[in-house]
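Listed below are the residues making up each chain.
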Amino acid sequence: MAVSSEPFWIRMPNMLVGTGTVDNVGALVKKFGGRKILIVTDPGVVQAGLVEKVKQPLEKEGIEFGIFDGCEPDVPVHVIKKCAQFTKEGNYDFMIGVGGGSTIDTTKVASVVATADDVDQEDLGQYIAKGAPRRGLPRIHIPTTAGSGADVSLGSPVTDVDGAKKVIFGEHFLPEVSIIDPLMTLNLPARITADTGIDALIHAFEGYTSIKANVVSDMLSETVIKLVANNLRLAYGKGSNNLEARCNMAIAASLSIHCVLTASAILPHSMGHSLQSEVKCTHAVSCSIVLPHVMEFNLLVDQPKYARIAEMMGERVAGLPLRDAAQKAIEAVRKLTMDLGMPQRLRDIGMKKEQIPRVVDVLFAPVNMWRINSNPRDCSREDATKIFEAAW
Ligand SMILES: [Fe+2]
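What about the coordination of the iron ion?
Here's step 1: The protein atoms that coordinate the iron ion are Asp199 (OD), Asp199 (OD), His203 (NE2), His269 (NE2) and His283 (NE2), at distances spanning 2.1 to 2.7 Å.
Here's step 2: Counting residues between consecutive donors of the iron ion along the chain gives the motif D-x3-H-x65-H-x13-H. Residue Asp199 is located in helix H7 (residues 190–209), and its partner His283 is located in helix H11 (residues 283–298); the two are separated by 84 residues in the primary sequence. His283 carries the same exposure label as Asp199, and that label is buried.

The structure is reproduced here in structure tokens:
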């Protein structure tokens, strides 16, 4: 797909990037006017000792703080309410989200819910339908995984009361600052390193090949694809010893969300979210299993960009006919996900073939159509069924 000439937004927040930058959190809270701070996190992050790295700079600055460590994977709406209630009852006026995508997304939505007169009565169904209704409490985000990009995104995927994954958008979800410190991701387990890194690659692929791709999303996507291709295997294989690979993956993760924010997400994320309503698996696994099959489906409309992806991912494409060079992008993605031990088939994650029609129903719900409509190739229900069957 060529580059779109449609108008687009560039919505990047302040990002402080570098080794040891988390030490600045106390000074930054003061700069942005926080007085009573709630650190929002989850038990895994506490156990990994990462909350200590945030507490120390706050204590040094004499800043009062509390901790909510009840965040759960996939952002259940009842956990958002619980966090918001905790915030309101504690009279906190500033939040620091410390964790992976789910924890930071919980922080983002809870920061808005906490400003409601009555948290119990706040209708999150309306947030899903119409977006977060107002600016929430100010926030600093400190990601501890490299991949979700939740720290710098305007969207928050949540799990609704019906178990379906839906996205809440918020004009004000960007933080006062996002602190990207590779030391916060250093001991990330290999499995999560792989998952989150692949998620970053998929964000870049989607922004790059969306019909809304533009010069800025292309620049970001190419940077992220190269960073992932050159660093993810290293971060996965011996991440705790390879600060450079960790640092590059942390940068790739945060930039990757802007590939889709500046352009658009397309089929893999749409299909991944739909799969998660039927099968228990991580966000990255659901998206990565369908990715090569979506790439096969979309290949015919965007061969030059596929060939460029192949080249950036280290495939030899010189001298090949364009169609063959483009095909190499799919091979490169398969090699990477196999090297990282990602499941390759939907049946590998316990999905039954008879579940496919239900997943297709979810995929074509009105709330998902914006991503399908941004896909570079028209995709009917029959096409989607074939893609899921191929991935099964
Ligand atoms: Fe994602």
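Thoughts on the side chain of Gln355
Here's step 1: With respect to the secondary-structure elements, Gln355 resides in the loop between helix H13 (322–339) and helix H14 (356–363).
Here's step 2: A polar atom in the side chain of Gln355 sits 2.7 Å from the backbone nitrogen of Lys352.
Here's step 3: Excluding residues that lie within four positions of it along the chain, Gln355 makes contacts with Glu278 and Gly350.

Here we look at the pattern of salt bridges
Side-chain pairs of opposite charge can arise whenever the charged atoms involved come near each other.
Here's step 1: Taken as a whole and assessed by the stated rule, the structure comprises 18 salt bridges.
Here's step 2: The partner of Lys55 in a salt bridge is Glu52, and the shortest N-O contact between them spans 3.0 Å. On the criterion of helical spacing, the pair formed by Lys55 and Glu52 is a turn pair, its members being three residues apart in helix H3 (residues 50–60).
Here's step 3: On the basis of relative accessible area, Glu52 is assigned to the partly exposed category, the value being 38%.

Side note on the packing of aromatic side chains
Here's step 1: Within this structure, the stated rule accounts for four aromatic pairs.
Here's step 2: Measuring from centroid to centroid gives 5.9 Å for Phe169 and Trp370, while their planes differ by 75°, and the two rings are edge-to-face. Placement of Phe169 in strand E7 (residues 165–169) and of Trp370 in helix H15 (residues 369–373) is noted, with a sequence separation of 201 residues between them.
Here's step 3: With a centroid separation of 6.0 Å and 85° between ring planes, the pair formed by Phe205 and Tyr306 is classed as edge-to-face. Of this pair, Phe205 sits in helix H7 while Tyr306 is found in helix H12 (residues 303–312), placing the two residues 101 residues apart along the sequence.
Here's step 4: An aromatic cluster is built from Phe68, Phe86 and Tyr92, whose rings are joined through pairwise contacts.
Here's step 5: In this structure, Arg11 packs its charged tip against the face of Trp9, placed 4.2 Å from the ring centre.
Here's step 6: Across from the ring centre of Phe297, 4.1 Å away, lies the NZ or CZ of Arg377, which sits over that ring.

Describing the pairing of strand E2 (residues 36–40)
Here's step 1: The buried fraction of E2 is high, at four of five residues.
Here's step 2: Note: E2 against strand E3 (residues 64–68), five bridges, orientation parallel. Following the sheet pairing, Val40 is matched in E3 by Phe68.
Here's step 3: With four bridges connecting them, E2 and strand E4 (residues 94–99) associate as parallel partners. Pairing of Ile39 across the sheet is with Ile96, part of E4.

Rules and cut-offs
Each chain carries its own residue numbering, running from 1 in the written order of its sequence. The predicted origin of the model limits local features to residues at a pLDDT of at least 70 and limits the giving and counting of side-chain atom pairs to 80 or more, whereas totals for whole chains, interfaces and linings rest on all residues. The basis for every side-chain value is the complete set of non-hydrogen atoms in the structure, without hydrogens or water. Counted as coordinating are nitrogen, oxygen and sulfur atoms within 2.8 Å of the metal, or 3.2 Å for Na, K and Ca, while water is not included, which may make sites look incomplete. Strands here are runs of E lasting at least two residues and helices are runs of H or I lasting at least four, both read from the DSSP assignment and numbered beginning at the N terminus. Buried means the residue's accessible area, taken with a 1.4 Å probe over protein chains only, is under 20% of the maximum for its type, while exposed means over 50%, and partly exposed covers the values in between. Counting of polar contacts relies on pairs of N or O atoms within 3.5 Å, with two restrictions inside protein: one atom must be capable of donating a hydrogen and the other of accepting it, and residues adjacent in sequence are counted only when both atoms are side-chain atoms. Contacts between residues were defined by any pair of non-hydrogen atoms, one from each residue, lying within 4.5 Å. A pairing counts as a salt bridge when a side-chain nitrogen of Lys or Arg comes within 4 Å of a carboxyl oxygen of Asp or Glu. Whether two aromatic rings pair depends on their centres lying within 6.5 Å, for rings of Phe, Tyr and Trp, where Trp uses its six-membered ring; planes under 30 degrees apart make the pair stacked, over 60 edge-to-face, and the rest tilted. Each ring is checked for a lysine NZ or an arginine CZ that lies within 6 Å of its centre and within 35 degrees of its normal; such an atom marks a charge sitting over the ring. Two strands make a pair as long as DSSP finds a minimum of two bridges between them.

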